[in-house]
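So the chains spell out like this:
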Amino acid sequence: MGALSGNLSPRGPAVAEELTRGEFARGYAFLLPLAVFVAVFIIVPVIGTFAGSLMQDVTFLPKRFAGAENYRAMLSDPGFWQALRFTCLFTLVSVPLELFLGLLFALLLARPSPARGLLRACVLIPWAIPAAVSGRLFQLIYNYHYGLANYLMGTFGLTDLPVSWLGTPAGAFVSLVAADAWKTTPFVAIILLAGLAGISQDLYLQAEIDRAGFVCRFTRVTLPLLSPVLVVALLFRTIDALRVFDLVFVLTGGGPGGSTTSLSLYGYNYFLGGDFGYGSAVSVVLFLIAFGLSVLYVRVGKFGRELA
Amino acid sequence: MSEERQVRTLHLAGALGMTIFSLGPILYMALTAASRRPDFLSHAAGFEFTVAHFDSVLRTASLHFPEYLRNSIVVSGASAALCVSIASPAAYAVTRLSLPGRVFFLLSVLAVSMFPPVSMVGYLFQVMGKLGWINTYQALVLPYTAWILPLSLWILTSYFAQVPADLDRAALIDGCSRLTILRKVIFPVAAPGIFSTALLAFIIAFNELLFAMMLSTDHAARTVPVGIALFEGLHGEIPWGVVMAASILTTIPVILLTLVFQRRIIQGLTRGAVKG
């Protein structure tokens, strides 16, 4: 699938024939700076976090080896389970919603129209602005007294009383999902749009000759051919949703009562409080979940298989 | 034919809905920033235009907004430049020299890009604390660069793979070194790809919050997203007009970039994610 592998495989070996021993060394030298950066600032810190999770490491207390103590404490920590549950629930609700909306957007954006470029740019804007900004913006939108959400609810007569969006656990959850959908739907749409562009127009022409209706064309042509890209978008978004931090931190601060604290925020709060051992242990759990899924992603996406 | 018309009407309505969904909240942000009162929707006085909020964002020394913006631009610009200059030799090696293990290399880098930032930030905070780097530019630029390198490598690899290898061969015969080929042959041909990569790297670094919150402490290095995230009013109530004015000022450069370079951003995003 795609430009990368398609263009790489026929040419790679031909150039390789000309490689001398010195060029091999130079080739690795070209990779070296990137490898060093990734190793020093990502791999080493992750290993450090794993090691740190086995220590008791609280500011102003002597640092000592603690074995599995942090993990054992985690098992009986209701806050941890609440964060784990919220993170999973948030992912399970927001990702399918974003995929659905993203597909809808992609189908709308794929249709030729004179304003297509402008339309695409408009849709991209929510993705491009910082999550801290969109978090603040939605905090205002959900303002109990004069926010846009309650104004619209009142105007359309949906509720008699204003809704306490951020004051109840359910309201805060819905608010987060909606704000996240606003921000990440464009990303999904753009990826699916690329997938749509890869579907041969001949198939649609053939379907039209066969007098296949709009719905039939969608379920028989578009959906099956788009499914590899849908899977990629699904896994990409899942991993991103699992590590959600910015939006939660700004919009709800993890509240009310810790009900919307994600694992990233829970770990961060411990780092901020100076408990690096426990914070690291929480981060390790999140890391393992995300890592498991990323292995799945690489497998399912069949990345680089044609390269080998 | 009538179905075709139905579809067209649906498409028009959909496009309209999509635009309102995307831009409505931005418009609300702009209106609140320019309104004397934040409750202009429900209050009898309604909307009254003012530039006072923008004025106070730019002139209130204690808010440090101009410093935050400068820090953000320096940090993101440096990260984008580093990303491109480190990822392009690597992308060249991956596409041009069939080194053993290059597929494994690409895949490992892809897996690394999915690590949750929180699993690095605690350790980085402790190490940078020992080095005395907390609240410096390098404390942000170096992790950002490492963090965005995987995506940069994937985007650049897909662009470089499209440059015909015959160009390399011709240059090799002329006695050019690989590094010269990268600089003089690949860079000009793949310039759009390099630009897309730098643009995406800039946007990602510009928007980052978690590292910036842990690794910077005040206006010497703090970036705009942190400033906006930690904005607190003097007496508890958030000064919405000022916060939204700061948000608009932060968003305008990003919106302009998006409007002007929409095609580049979309190309970069899809190459990094799908290789469609």
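Rules of the game
- Numbers given for residues are sequential positions, taken from 1 along each chain in its written order.
- Here the convention is simple: chains get letters from A, ligands get numbers from 1, in the order in which they are written.
- Thresholds applied to this predicted model are a pLDDT of at least 70 for local features of residues and 80 or more for the giving and counting of side-chain atom pairs; totals over whole chains, interfaces and linings are not thresholded and use all residues.
- We count a stretch as a helix when DSSP gives it H or I for four or more residues in a row; a strand needs E for two or more, and each element gets its number in order from the N terminus.
- Exposure is read from a count of other C-beta atoms within 10 Å of each residue's own; the residue is exposed at 12 or fewer, buried at 20 or more and partly exposed in between. C-beta atoms are placed from the backbone.
- Contact definition: two residues whose C-beta atoms, as placed from backbone geometry, lie within 7 Å.
- As a working rule, the residues Ala, Val, Leu, Ile, Met, Phe, Trp, Tyr, Cys and Pro are called nonpolar, Asp, Glu, Lys and Arg charged, and the rest polar, with Gly in that last group.
- Note that the domain bounds were set by an automatic or database domain assignment.
- Between the first and last residue of a helix there are one fewer steps than residues, each counted as 1.5 Å, and that sum is the expected span.
- Scored from 0 to 100, pLDDT records how confident the predictor is in each individual residue.
- Inter-axis angles, ranging from 0 to 180 degrees, are taken between N-to-C directions of lines fitted to C-alpha atoms, where helices are fitted over the stretch in contact.
- Angles are sorted into four bins: roughly parallel if under 35 degrees, roughly antiparallel if over 145, roughly perpendicular if 65 to 115, and oblique for all others.
- Crossing handedness is defined as follows: a turn of the near helix away from the far one that is anticlockwise and smaller than a right angle gives a left-handed crossing, while the clockwise case is right-handed.

Novice: Whenever I open this one, the overall build of chain B confuses me. Can you help?
Specialist: Counting its regular elements, chain B contains 13 helices and 0 strands. C-alpha extents for chain B along the principal axes are approximately 75 × 70 × 30 Å. Out of the 276 residues in chain B, the part that is buried amounts to 52%. Of all intrachain contacts in chain B linking residues separated by at least 6 positions in sequence, the fraction that spans at least 24 positions is 77%.

Novice: I tried to follow the overall build of chain A on my own but got confused; where do I start?
Specialist: Looking only at helices and strands, chain A has 13 helices and 2 strands in total. On the principal axes, the C-alpha backbone points of chain A span a range of 75 × 70 × 30 Å. In chain A, buried positions account for 43% of the 308 residues. Long-range contacts, defined here as pairs at least 24 residues apart, represent 70% of the contacts in chain A between residues at least 6 apart.

Novice: Mind showing me how you'd approach the interface of chain A and chain B here?
Specialist: Often the size quoted for an interface is simply the accessible area lost on bringing the parts together. Each partner contributes to the interface: chain A provides 95 residues, whereas chain B provides 92 residues. Examining the composition of the side of chain A that touches chain B, we find that 18 residues originate from one element, helix 2 (residues 21-52) of chain A, more than from any other. Looking at side-chain class alone, the side of chain A that touches chain B contains 67 nonpolar, 19 polar and 9 charged residues.

Novice: Teacher, can you tell me more about the domain arrangement of chain B here?
Specialist: All names here are of chain B. What the domain assignment reports for chain B is domain 1 (1-50) and domain 2 (57-273). Relative to domain 2, the C-alpha centre of domain 1 lies at a distance of 32 Å. Taken together, the contact pairs 6 residues of domain 1 with 6 residues of domain 2. Taken together, the residues of the side of domain 1 that touches domain 2 break down into 4 nonpolar, 2 polar and no charged.

Novice: Would you take a moment to explain helix 9 (residues 191-207) of chain B for this structure?
Specialist: Three- or four-residue spacings in an α-helix give side chains the same orientation, since the helix completes a turn every 3.6 residues. All names here are of chain B. Taking 1.5 Å per residue as the helical rise, helix 9 with its 17 residues ought to reach 24 Å, and the 24 Å between its terminal C-alpha atoms agrees with that figure. Burial analysis of helix 9 places 12 of its 17 residues in the buried class, the great majority of the element. Of all the positions in helix 9, only G193, I194, S196, T197, A198, L200, A201, F202, I203, A205, F206 and N207 are classed as buried.

Novice: I would appreciate a short explanation of the confidence of the model for chain A in the present structure.
Specialist: Interpretation of this model should avoid reading the predicted coordinates in detail wherever pLDDT is low. All names here are of chain A. Looking at chain A, the pLDDT average stands at 85 and 91% of residues meet or exceed 70. Within the model, pLDDT remains below 50 along residues 1-17, and this stretch shows 33 contacts once partners closer than five positions in the same chain are excluded. Note on residues 304-308: pLDDT is under 50 here. Beyond four places in sequence and across chains, it has 11 contacts.

Novice: Please explain the environment of F41(A) as it appears in this structure.
Specialist: Here F41(A) lies in helix 2. For the pair F41(A) and M153(A), spaced 112 residues apart in sequence, the C-alpha separation works out to 47 Å. Residues within four places of F41(A) in sequence aside, it is in contact with L142(B), P143(B) and A146(B).

Novice: Help me understand the environment of V215(A) in this model?
Specialist: The residue V215(A) is located in helix 10 (residues 214-242) in this model. Under the C-beta neighbour-count criterion, V215(A) is labelled exposed, with 9 such atoms within 10 Å.

Novice: Where do I start with unusual backbone geometry in this structure?
Specialist: Most peptide bonds take the trans configuration, and most residues that are not glycine carry a negative phi. With an omega of -5 degrees, the peptide bond between G255(A) and P256(A) qualifies as cis. By the element assignment, P256(A) lies in the loop between helix 11 (246-251) and helix 12 (263-272). At F60(A), a position not held by glycine, the phi torsion is positive, near 75 degrees. Note that F60(A) resides in the loop between strand 1 (55-56) and strand 2 (64-65). Phi at H64(B) is positive, roughly 60 degrees, even though this residue is not glycine. Position of H64(B) relative to the elements: it lies in the loop between helix 2 (52-59) and helix 3 (65-96). The partly exposed category is assigned to H64(B), around which 16 C-beta atoms lie within 10 Å.

Novice: Even after reading the chapter, I still don't get the environment of T238(A), so can you show me in this structure?
Specialist: Residues and elements named next belong to chain A. With respect to the helices and strands, T238 occurs in helix 10. It is 8.7 Å that separates the C-alpha atoms of T238 and A290, two residues lying 52 residues apart in sequence. Here T238 is in contact with T91, V95 and L293, once residues within four sequence places are set aside.

Novice: Would you mind showing me how to read the packing of helix 4 (residues 78-110) of chain A against helix 8 (residues 169-197) of chain A here?
Specialist: Residue and element names in this part refer to chain A. Interaxial distance between helix 4 and helix 8 falls to 6 Å at its minimum, and their mutual angle equals 45 degrees. Judged by the inter-axis angle, helix 4 sits oblique to helix 8. Both helix 4 and helix 8 take part in a crossing whose hand is right-handed. Each residue belonging to the contact of helix 4 with helix 8 can be placed in one class, and the counts come to 18 nonpolar, 4 polar and 2 charged.

Novice: Any chance you could explain helix 12 of chain A here in plain terms?
Specialist: In terms of burial, helix 12 of chain A is largely enclosed, as 8 of its 10 residues are buried. Backbone geometry just after helix 12 of chain A places G274(A) at a positive phi near 90 degrees.

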